[in-house]
Amino acid sequence: MRRVQRSLRAGLALSWVPLACVPSAQAADPALAVAACPQPSPLTPTQKAEYERAAAAFADVPRLFPNAAAADARQPSPQSAAARAAHLRGDLTAAYAQIEQAPPTASAWTQADQQYTRARLAEACGLKPTALRLYRDILWTAYALPGTVALARQGLARLGQPSTVAALPSEAPTTKDEALKAYRAALSKGRDLAAKKQFEQAMLAFVEAISYANKAGAHGGIDASAWEAPALSELGLAAYERRDLDEAQHYTQAAIRRELFLQGGSAAGSLFNLGLILEAKGDTLGAITAYRASLDRRLHAAVQKRLLALAPGSDRPLTVPRPLLGPFPSLASYCQKSAPSACLGDPIPDELTYACQPSRLVATAKGLQAPYKQVALFSTGCLFDAEARRGNHYYRLLIEMEKGVFLSSVIAERFANRRCESEVKVREFALRQVVPGGSPEVVLRLRLMSSCVLGEYENRDSESEFLVVAGVGASGIPSSTESIPLVVDITEQAGGPRSKPKTGRLNAQASFLPDGTLRISGDPKSVPAPLSSVLGDHSLGF
């Protein structure tokens, strides 16, 4: 199970966000890969023998790791076996269809087997970058399978990169404690080399650390994510320093995937690194997303500085308007620019479909007048089941003017899967003369209702309400408040991951005074301290 959280800058987790099951794998569209494949020739006897060696590697698992996992986890997945069979008979299309149906697994050896099959198919199709990445991944997750490790090294050599990863002993160390000792030594070595700007050697040391981390996890029968993540993050940073930006992004996102479900704030550093990488790649929208995600997990001056440089006003409190993103020539242009990094906040961004349809407006404001050409609530999605529209849905305020299209940061989000359904309803969406003089302001009130089935006899229902106010000042650039919580249940983890969380409920009312002041009133005694600043009078300076 995973918990998808929407955080305030104060570090609060809002309890209305539902619990959700991790979606099944939806990796790269196999049709796209197959379209790039030449008609495969029959496999040679050598290639057939390599598949047989990869499958035979599983026979060694019980001997190497007798206490690590259940017997049913020590077998190749049915999808890997079917994909290999299809490849052996020359049906590459069927092989891709089978391997892309393989479910995610926590078993290092089953994962390595699936990765090897994917790598062979990618290599057969001429998809060199994909095959290289898969073969490298095998080297630090298949340490328990000497046969598969050897085959992955052969794959790297065929693709011209035989020395990408340092060799590791396949059967030693033989205990969890020995593996952890080797892990810490390799991690320290990598950091020392990186400090001396010897980044290529540092990367080899970090890969060695990742391998030992996985081996320690296998010996202990536990998830190695907490050990893998720091080494992957350092590996990504070293690749960034070498300006190998694609690899840096790959390794950093791999670190984030492992950190997101650890203790609060654990992914903040990697998300900051990801922002630096995306900035260097020219992906400003992606960098803003990464920096904001980092700050949502942990406040840090360096992250705030970078975000402020890309998104002026982002350091303001929730109730103080900040400039919207833009202008974009059109909503279609925004969709195109945001596509490469729109789903970075999800643990498995490569397995999602980004849904951004310019024609799909959730609601439009009433009373439209100049200088506004269009005011709407716009939704994008990061979907693991695009046909059923299951996944995360993100809502933004859209304002179109003569200068172009402007969008707010995410003001609401909902998650949908088979157990949880949530709905965003518009309570008010209109142009009103809130601040005397000038253009009218946009007032948007949203209600979020969620319902989750947690067990056979247990449901969780929740309801929250938020306010957004936007306007156009003398600059002619629209700005808006953040999503201001009015009604919400709050869980605050104030004393560390093992402390007992504090719960509270904000139940406030919003009104506008004649001079344009926003007044949010409620009982201060019932409001958790980090949200107490929401109550009171707030000047709306657009």
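This write-up is about the structure you can find in this document. Everything quoted here is computed from the prediction, not taken from an experiment.

Across its full length, the protein chain carries 16 helices and 20 strands. Evaluated residue by residue, the protein chain yields a buried proportion of 51% over its 542 residues. Per element, the accessible surface of the protein chain, about 23,900 Å² overall, is 51% carbon and sulfur.

With that settled, consider the packing of helix H9 (residues 176–195) against helix H11 (residues 225–241). Helix-helix packing: each pair is described by the crossing angle between the helix axes and the interaxial distance. One way to put it is that H9 packs onto H11 with a least axis distance of 11 Å and a crossing angle of 20°. It follows that H9 is roughly parallel to H11 by the angle criterion. The handedness of the crossing between H9 and H11 is left-handed. Note on element contacts: H11 touches H9 through Trp227, Pro230, Ala231 and Glu234, opposite Lys176, Leu180, Tyr183, Leu187 and Arg191. Taken together, the residues that form the contact of H9 with H11 break down as 6 nonpolar, no polar and 3 charged.

Turning next to helix H5 (residues 92–99). In an α-helix, one turn spans 3.6 residues; hence positions three or four apart end up facing the same way. Listed in full, the buried residues belonging to H5 are Leu92, Ala95, Tyr96 and Ile99. What you see down the axis of H5 is that its buried residues fit within an arc of 95°, all on one side. In this structure Asp91 caps H5, since a side-chain oxygen of it lies 3.1 Å from the backbone nitrogen of Ala94.

Moving on, we come to the packing of aromatic side chains. Inspection of the entire model under this criterion finds 4 aromatic pairs. Pairing Phe272 with Tyr291 gives two aromatic rings, centres 5.8 Å apart and planes at 40°, and the pair type is tilted. Remark: Tyr291 occurs in helix H14 (residues 284–297) and Phe272 occurs in helix H13 (residues 268–280); sequence separation between them is 19 residues. For Tyr291, a relative accessible area of 0% corresponds to the buried category. A ring pair is formed by Phe328 and Tyr334, whose centres lie 5.2 Å apart and whose planes are at 70°; its orientation type is edge-to-face. The two residues Phe328 and Tyr334 agree in class, both being buried. For the cation-ring pair, Arg243 lies above Tyr240, with the distance from its terminal atom to the ring centre recorded as 4.5 Å.

Quick look at the pattern of salt bridges now. One pass over the full model with this rule turns up 16 salt bridges. Across the pair Asp537 and Arg519 runs a salt bridge, and its minimum N-O distance is 2.8 Å. Of this pair, Asp537 sits in strand S20 (residues 536–538) while Arg519 sits in strand S19 (residues 518–521); the two residues are 18 residues apart in sequence, bridging distant segments of the chain. Each of Glu50, Arg120, Glu123 and Arg158 takes part in one network of salt bridges that share partners.

This paragraph deals with the sheet that holds S20. What the 3 strands build is an open sheet, ordered S18-S19-S20; its pairing is antiparallel. Of all the strands in the sheet, the pair left with one neighbour each is strand S18 (509–512) and S20. Strand after strand, the sheet turns through a mean of 20° between neighbouring axes, direction not considered. Alignment of S19 against S20, held across 3 bridges, turns out to be antiparallel. Pairing of Arg519 across the sheet is with Asp537, part of S20.

One broad rule of soluble globular proteins: the nonpolar side chains tend to lie buried together. With 66 residues, the main nonpolar core has Tyr183, Leu235, Tyr334, Phe378 and Leu407 as its most contacted residues. With 11 residues, the single largest contributor to this core is helix H10 (residues 199–220). In terms of nonpolar packing, the next biggest core, distinct from the first, is built from 25 residues, Ala86, Ala122, Cys125 and Leu132 among them.

With that settled, the discussion passes to the environment of Leu151. Secondary-structure assignment places Leu151 in helix H8 (residues 146–158). Owing to a relative accessible area of 1%, Leu151 belongs among the buried residues under this scheme. The spatial distance from the C-alpha of Leu151 to the C-alpha of Tyr135 is 8.7 Å, given a sequence separation of 16 residues. Excluding anything up to four places from it in sequence, Leu151 contacts Glu50, Arg53, Ala54 and Tyr116.

The amide bond that connects Gly326 to the next residue, Pro327, takes the cis arrangement and shows omega of 5°. Mapped onto the elements, Pro327 comes out in strand S5 (residues 325–328). For the peptide bond that leads from Ala370 to Pro371, omega is 10°, which places it in the cis range. With respect to the helices and strands, Pro371 occurs in the loop between strand S7 (361–364) and strand S8 (374–385). Of note, the phi angle at Arg243 is positive, near 65°, even though the residue is not glycine. Here Arg243 is to be found in the loop between H11 and helix H12 (245–259). Backbone geometry places Arg389, a non-glycine residue, at a positive phi of 55°.

A few words on H10. A rise of 1.5 Å per residue sets the reference length of H10, with its 22 residues, at 32 Å; its end C-alpha atoms lie 31 Å apart and thus fit the reference within 8%. Following H10 by one or two positions, Gly221 adopts a phi angle in the positive range, close to 65°.

What follows deals with the environment of Gly155. Here Gly155 shows up in helix H8. With 21 residues separating them along the chain, Gly155 and Leu134 place their C-alpha atoms 9.8 Å apart.

Take the side chain of His87 next. In this structure, His87 sits in helix H4 (residues 78–88). For His87, a relative accessible area of 5% translates into the label buried. With residues near it in sequence (within four places) discarded, His87 still touches Leu43, Tyr51, Leu92, Ala95, Arg120, Leu121 and Ala124.

Rules behind the numbers
Residues numbered from 1 in each chain as written. Predicted model: local features only at pLDDT ≥ 70, side-chain atom pairs only at ≥ 80, totals over all residues. Heavy atoms only, no water. Helix = DSSP H or I, 4+ residues; strand = E, 2+ residues; numbered from the N terminus. Buried < 20%, exposed > 50% of the residue type's maximum accessible area, 1.4 Å probe, protein only. Areas by Shrake-Rupley, 256 points an atom, 1.4 Å probe, with all protein chains shown as cover. Axes fitted to C-alpha atoms, helices over the stretch in contact; angles between N-to-C directions. Parallel < 35°, antiparallel > 145°, perpendicular 65-115°, else oblique. Left-handed = near helix turned anticlockwise from the far one by under 90°. Contact = heavy atoms within 4.5 Å. Nonpolar A, V, L, I, M, F, W, Y, C, P; charged D, E, K, R; others polar. Arc of directions from axis to C-beta. Polar contact = N/O pair within 3.5 Å; in protein donor to acceptor, adjacent residues only side chain to side chain. Phe/Tyr/Trp six-rings, centres within 6.5 Å; stacked < 30°, edge-to-face > 60°. Lys NZ or Arg CZ within 6 Å of the ring centre and 35° of its normal. Salt bridge = Lys/Arg side-chain N within 4 Å of Asp/Glu carboxyl O. Pairing = 2+ DSSP bridges. Core = buried A, V, L, I, M, F, W, Y, C linked by side-chain atoms within 4.5 Å. Expected span 1.5 Å × (residues − 1).

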